[in-house]
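Each chain, letter by letter, is given below.
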Amino acid sequence: MARETERQGETAGGAADSGGTVEARRRRVTVIGSGNWGSVAAKIIATNAAALPSYHDEVKMWVYEETLPTGDKLTSYINRTNENVKYLPGIKLGPNVVADPDLEHAVKDADLLVFVTPHQFVESICRRLVGKIRRDAEALSLIKGMEVKKDGPCMISNLISEMLGINCCVLMGANIANEIAVEKFCEATVGHKGDKEMAQRWVQLFSTPYFLVSAVQDVEGVELCGTLKNVVAIAAGLADGLEMGNNTKAAIMRIGLREMRAFSKLMFSTVKDTTFFESCGVADLITTCLGGRNRRVAEAFAKCGGKRSFDELEAELLRGQKLQGVSTAREVYEVLGHRGWQELFPLFTTVHEICVGRLPPSAIVEYSEHTPNFALVEGSAQLY
Ligand SMILES: NC(=O)c1ccc[n+]([C@@H]2O[C@H](COP(=O)([O-])OP(=O)(O)OC[C@H]3O[C@@H](n4cnc5c(N)ncnc54)[C@H](O)[C@@H]3O)[C@@H](O)[C@H]2O)c1
Ligand SMILES: O=P(O)(O)OC[C@H](O)CO
């Protein structure tokens, strides 16, 4: 099968929009979320929206309102200083970013909606958005995570699409937000269902000389890569906390990648092997296992022998930022449990058992009758 990877052809300041629906006026973009990545995404979009003739300059960013220790509201602080002091201190977002604490107001006129909140909040946000958005709006999800419903996993892009009745592409990649904020080079992958024109609009809106975006027709594959690597990152962090060294961490990444691929293909037979070689696949896995927040908190968890909870360590180390790996490990475990597949995914299963305290952190690298060493068992490798 021919591999489809499309690089951006048009740059900011180039040709006007050629898409089919919103053509007479300039497109308006709203970013739903204002955490660490949400703020960086708003900064990138704001630079491009100001330069592209087919976009309205102003980019709205919905802020989950909170009060800062100074007594300031976060939204007014952002609008006064052009800086998200809590989630992205020291970085100017761009004068055309407008923070808005009123969700319905922020999305009212938007043609393009970029979802970038921790995954556990999306369903309630979408519930509030039903009937409040333009019917011809298009969505993009930057959210790494999934929900588990009675009939199995529900990807966040699908949740957005079904609840709001709009198309939703995804953008995932090796994208540690703090590095992108200072414009260090990296890549990302847009996943789409076949509407290449729409995918190219997202590629164009995000591409910069330091942020290189490609599109692939495999929305579930791209999204599952971004979601599942967070579970592997927890395993990598545990190994770091146990001071196991680089070989062990590399083994965890390799086995994790195999489980990611097997799980994704069992869930969606359309998922392509080639997707795992895009930025959203192996590159994101590596960067997250080396420098991500999931890794960091898991390292601290192992260092204290599991005596402090992930919730407590998350609050202390991340100060309001959120982990996705612990809840994703639970969600994956539920899916595997429903299907009787836990033994086929020993790494994913062991990570969850450690997170909830049923196994000690050292189980990630030990072999016993009850804690199968995933390196020896390699259950899912037999499937794919
Ligand atoms: N930070 C990164 O480097 C990075 C990179 C790529 C992808 N992502 C993904 O982006 C998504 C968002 O992460 P982030 O880093 O922007 O956020 P974050 O973890 O930095 O911040 C948490 C956000 O959640 C908000 N929040 C707290 N309670 C809420 C509630 N009840 N309802 C709605 N919002 C609430 C906070 O205001 C804050 O904006 C996640 O799925 C993450 O995996 C993050
Ligand atoms: O910091 P993490 O572990 O949430 O990972 C951040 C990004 O997903 C890396 O691409």
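Residues numbered from 1 in each chain as written. Chains lettered and ligands numbered in written order. Predicted model: local features only at pLDDT ≥ 70, side-chain atom pairs only at ≥ 80, totals over all residues. Heavy atoms only, no water.

The name given to the protein in an unreviewed UniProt entry is Glycerol-3-phosphate dehydrogenase [NAD(+)], with the source organism recorded as Spirodela intermedia. The UniProt entry for the protein carries the following text under Sequence similarities (unreviewed entry): "Belongs to the NAD-dependent glycerol-3-phosphate dehydrogenase family." (UniProt positions renumbered as here; feature names shortened; annotations may be inferred.)

A. Structural context of the overall build of the protein. Scanning the protein from terminus to terminus reveals 15 helices and eleven strands. Relative to its full complement of 384 residues, the protein shows a buried share of 57%. Long-range pairs, those at least 24 residues apart, make up 74% of the contacts in the protein between residues at least 6 apart in sequence. Of the roughly 15,900 Å² of accessible surface on the protein, a fraction of 51% belongs to carbon and sulfur atoms. (Helix = DSSP H or I, 4+ residues; strand = E, 2+ residues; numbered from the N terminus. Buried < 20%, exposed > 50% of the residue type's maximum accessible area, 1.4 Å probe, protein only. Contact = heavy atoms within 4.5 Å. Areas by Shrake-Rupley, 256 points an atom, 1.4 Å probe, with all protein chains shown as cover.)

B. Spotlight on the UniProt feature "domain: Glycerol-3-phosphate dehydrogenase NAD-dependent C-terminal" (unreviewed entry) in the protein. Here, UniProt's "domain: Glycerol-3-phosphate dehydrogenase NAD-dependent C-terminal" (unreviewed entry) annotation points to residues 218-366. The span residues 218-366 shows a helical share of 69% and a strand share of 0%, and its end C-alpha atoms are spaced 36 Å apart.

C. Looking closely at the site of ligand 1. Contacts to ligand 1 come from 24 residues, most closely from N36, W37, N175, A177 and K322. Measuring from an oxygen atom of ligand 1, one finds a backbone N or O atom of G35 at 3.1 Å. A distance of 3.4 Å separates a nitrogen atom of ligand 1 from a polar atom in the side chain of Y64. Alone, ligand 1 offers 840 Å² of accessible surface; in the complex the protein occludes 90% of this. Sorting elements by how many residues they give to the shell around ligand 1 places helix α1 (residues 36-51) first, with three residues. When residues of the shell around ligand 1 are assigned to domains, at least three map to each of domain 1 (6-217) and domain 2 (225-382). (Near = heavy atom within 4 Å. Polar contact = N/O pair within 3.5 Å; in protein donor to acceptor, adjacent residues only side chain to side chain. Domains from an automatic or database assignment.)

D. Region of interest: the UniProt feature "binding site: substrate" (unreviewed entry) in the protein. Taking the UniProt record as the reference, the feature "binding site: substrate" (unreviewed entry) is found at K144, R293 and N294. Taking the farthest pair of C-alpha atoms as the criterion, the annotated set spanning 151 residues converges on one region, since that pair is 13.1 Å apart. Mapped onto the elements, K144 comes out in the loop between β6 (138-141) and β7 (146-149). Under the relative-accessibility criterion, K144 is labelled buried at 14%. Setting aside chain neighbours within four positions, we find K144 in contact with H119, M172, G173, G226, T227, K229, N230, D284 and Q324. Among the polar contacts made by the side chain of K144, one reaches the main-chain carbonyl oxygen of G173 at a distance of 3.0 Å. Relative to the helices and strands, N294 resides in helix α11 (residues 293-303). Aside from chain neighbours lying at most four places away, what touches N294 is N230, A233, I234, L323, Q324, G325 and V326. Separated by 3.2 Å, the side chains of N294 and N230 make a polar contact.

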